[in-house]
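# Architecture and fold: a report
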Amino acid sequence: MTTTRFAPSPTGALHLGNLRTAVLNALVARAAGGRFLLRIDDTDAARSEERFVEAIRADLRWLGLDWDGEARQSQRLATYEAAAERLRAAGRLYPCWETEGELALMRRALLNAKKPPVYDRAALRLSEAEKAALAAERPPHWRFRLEERAMEWEDGILGPQRIAASAVSDPVLIREDGQFLYTLCSVVDDAEMGVTDVVRGADHVTNTATQIQIFEALGAASPRFAHHALMTGPGGEKLSKRAGALSVASLREAGVEPAALLSWLARSGSSRPVEPVWSVAEAAADFDLSVFSPAPSQASAEEIAQLSAKMLREAPWEAVATRAPEGVTEAFFHAVRPNLDRLEDAADWLRIAKGAPAVIAPEDAEFVAEALAMLPPRPWTETTWREWTDAVKAKSGRKGKALFLPLRRVLTGRSHGPDMGAFMPFLER
Ligand code: GLU
């Protein structure tokens, strides 16, 4: 069964680039009638925080992405240890004792010599006596020994990929302090959880090359991989987990409709235009990963806010019912919907309906007083405004703006607003 996962590290709040990864994985799964999993990559105990795990879940739920299972890497350490043991036994995991400083010097020397900064495998050439001496000093970190051949895969977005093993350092899988690194854990989890498709950011392309060999070394089939281009801010800047305006939380607080963000994420960066969808199921119906572009795309909070306002003005009640401000009913929402930028704005119109201070220009005072005297008795219906203004028009001879504007102002205190026919039934004053 098609199985995908979203695997965030809980080291910060999700930004739009992370959320796009989540959306694409969910859509691949839903389009195939498969499973979508949430995996918390929290082996880095120092940087992972519970509040970020909760924020990630809240962001996904808000967007309407439901997951079919959840796993946490911090609870699976024994499984990673067992996999590491197998790799050691197969001669694919070897201890190294270089310090960070030594490695940095080596990298710099290689770069100065215009060579790729690839680890030279000095640790593989240590004698048993040398290893014993180093081991007596401090614990090693462990690297996966890549076999010297090209790593190839058909990328779902980038097309055919081929990376020579000689261009890549043997990846560190276990740190000196014993921490398992993502490169190993992810492979173990993907294999064990039956993940068939991995969609992630283009910053993971080199990881994919090395992970393909780790899958092989563990006797597991590699999933299909697709790498989407990174998303940048409006100025081309990298998005960060501390990202201000483009964090999911800040978009939500700014009143962006979740369905609008979903619609935007399901299409932006692809060759297809962004079109409103109201659910993950709807977005999944004609989803196609191959239309995504390998070129970076830009996120714009403004563009998303505009789409959100446009969608809100056509939103079905079901899409907003659970989030609507207190007191806003389905009928009221329909009356004010064309005038909303954000769902919260419905609360302003509700206040106005309950009694806004009237605005009367001095030159209109007499006209308004006469008109109010002609107001039909309640209940007011959708035809009341029409009947009333027809009568006022006949009596006063006013028409157009001179007729309607003072009446709108006296009833709502505003010069602009919802269609008065639709709004009048809700006026309480
Ligand atoms: N924890 C990794 C990240 O957030 C997951 C990458 C992957 O999808 O394999 O970048």
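Above this text is the structure in question.
Residues numbered from 1 in each chain as written. Predicted model: local features only at pLDDT ≥ 70, side-chain atom pairs only at ≥ 80, totals over all residues. Heavy atoms only, no water.

To continue, consider the layout of surface pockets. One simple way to see leftover space: roll a probe sized like a water molecule over the atoms. In this structure, the second largest pocket spans a volume of roughly 700 Å³. Lining the second largest pocket are 26 residues, and of these L103, R107, R143, P171 and V172 lie nearest its centre. Listed by contribution, the elements that provide at least two residues to the lining of the second largest pocket are α4 (100-112), β5 (141-144) and α7 (205-217). The element contributing the most residues to the lining of the second largest pocket is α4, with five residues. Grouping the constituent residues of the lining of the second largest pocket by class yields 10 nonpolar, seven polar and nine charged. (1 Å grid on protein atoms, 1.4 Å probe; cavity = no way out; pocket = protein on both sides within 12 Å on 5 of 7 lines; lining within 4 Å. Points joined across faces, edges and corners; volume = space filled by probe spheres on them. Helix = DSSP H or I, 4+ residues; strand = E, 2+ residues; numbered from the N terminus. Nonpolar A, V, L, I, M, F, W, Y, C, P; charged D, E, K, R; others polar.)

Residue P379 follows R378 across a cis peptide bond; omega there is 5°. With respect to the helices, strands and loops of the structure, P379 is situated in the loop between α15 (365-373) and α16 (384-396). The phi dihedral of K114 is positive, around 60°, even though this residue is not glycine. Position of K114 relative to the elements: it lies in the loop between α4 and α5 (128-137). A positive phi angle, close to 60°, is found at R121, a residue other than glycine.

Let's shift gears to empty space enclosed by the protein. Tallied over the full model, the rule gives one cavity of 30 Å³ or more. Counted as a void, the largest cavity has a volume near 30 Å³. Taken together, R20, H228, A229, G269, F292, S293, A295 and S297 make up the lining of the largest cavity. A per-class count over the lining of the largest cavity returns three nonpolar, four polar and one charged.

With that settled, the discussion passes to the site of the ligand. The environment of the ligand is formed by R5, A7, S9, D41, Y182, S186, R200 and H204. Contacts to the ligand include R5, whose side-chain N or O atom sits 2.6 Å from an oxygen atom. A distance of 2.7 Å separates a nitrogen atom of the ligand from a polar side-chain atom of D41. When the free accessible area of the ligand is taken as 300 Å², the share hidden by the protein chains comes to 82%. Along the lines of polarity and charge, the residues of the shell around the ligand split into two nonpolar, three polar and three charged. (Near = heavy atom within 4 Å. Polar contact = N/O pair within 3.5 Å; in protein donor to acceptor, adjacent residues only side chain to side chain. Areas by Shrake-Rupley, 256 points an atom, 1.4 Å probe, with all protein chains shown as cover.)

All right, on to the pattern of salt bridges then. Opposite charge on two side chains lets them pair, provided their charged atoms get close. The final tally for this structure, using the stated rule, is 34 salt bridges. Across the salt bridge formed by K131 and E128, the nearest N and O atoms sit 3.5 Å from each other. With K131 and E128 both in helix α5 and three residues apart, the pair spans about one turn of that helix. The partly exposed category is assigned to K131, whose relative accessible area is 22%. R267 is the salt-bridge partner of E275, the closest N and O atoms lying 3.8 Å from each other. R267 gets classed as buried once you look at its relative accessible area, which sits at 11%. Sharing partners across several salt bridges, the network here consists of R5, R39, D41, R76, D189, D190 and E192. (Salt bridge = Lys/Arg side-chain N within 4 Å of Asp/Glu carboxyl O. Buried < 20%, exposed > 50% of the residue type's maximum accessible area, 1.4 Å probe, protein only.)

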